[in-house]
Amino acid sequence: MEGKNLEQESLIAVTQLFKALSDPTRLKILLQIAQGEIAVNDIALAIDAKQSTVSHQLRLLKQANLVKTRREGTTIFYTVDDTHVIEILNQTIAHVSHQ
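As the structure is a computational prediction, the values presented were derived from the model and not from experiment. (Residues numbered from 1 in each chain as written. Predicted model: local features only at pLDDT ≥ 70, side-chain atom pairs only at ≥ 80, totals over all residues. Heavy atoms only, no water.)

S.K.: In this structure, what is going on with helix H3 (residues 40-47)? I would like to understand it.
M.R.: Counting along an α-helix, one turn takes 3.6 residues, and residues three or four places apart therefore face a common direction. For H3, the full list of buried residues reads Val 40, Ile 43, Ala 44 and Ile 47. Around the axis of H3, the buried residues are gathered within 100 degrees of arc, so they sit on the same side. Packed against the buried residues of H3 are helix H2 (24-34), strand S1 (38-39), helix H4 (51-63) and strand S3 (75-80). Two residues or fewer past H3, Asp 48 is found with a positive phi of approximately 55 degrees. (Buried < 20%, exposed > 50% of the residue type's maximum accessible area, 1.4 Å probe, protein only. Helix = DSSP H or I, 4+ residues; strand = E, 2+ residues; numbered from the N terminus. Arc of directions from axis to C-beta. Contact = heavy atoms within 4.5 Å.)

Pasting the structure below:
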C-alpha cells in the first residue's frame, strides 16, 4: 500500500479530505455537482436546502479542492475539481454498498 510511509503533511491532507466528505449536506452537494456543472440556486433546489447553507458548504468543498468555479455574469457555476473526486465518491459508495 502506498500510504505506509506518508509524510505528516500528506496525512493531514488526507484527513482534511475525509473531513470535507464526512458531512451529509456536503456529500449531497458533491453528488449533484458530479452530475455536471451547476449553479448554487439549482443545488439548493435539488437538495432542498437554503442557498446560504449551500454557499457555506460549497466554500468548504472549494477549500478542500473538491470543486472549482466558473463565473458567468453574476452566476457562479460549480464543477468537480478533477476526475479523482468522482473516483473517490464512486469507490466509497461501492464500498458502503458492498454486503
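S.K.: Explain the environment of Leu 45 to me, please; I cannot follow it from the model alone.
M.R.: Its location among the elements puts Leu 45 in helix H3. Classification of Leu 45 as exposed rests on a relative accessible area of 70%. Taking the C-alpha atoms as reference, Leu 45 lies 27 Å from Gln 16; in sequence the two are 29 residues apart.

S.K.: Even after reading the chapter, I still don't get the packing of H2 against H4, so can you show me in this structure?
M.R.: The description of two packed helices rests on the angle between their axes and on the distance between the axes. Where H2 contacts H4, the two axes come as close as 10 Å, and the packing angle between them is 80 degrees. Taken together, the axes of H2 and H4 are roughly perpendicular relative to one another. Where H2 abuts H4, its residues Thr 25, Arg 26, Ile 29 and Ile 33 lie against Thr 53, Val 54, Gln 57, Leu 58, Leu 60 and Leu 61. Partitioning the contact of H2 with H4 into residue classes produces six nonpolar, three polar and one charged. (Axes fitted to C-alpha atoms, helices over the stretch in contact; angles between N-to-C directions. Parallel < 35°, antiparallel > 145°, perpendicular 65-115°, else oblique. Nonpolar A, V, L, I, M, F, W, Y, C, P; charged D, E, K, R; others polar.)

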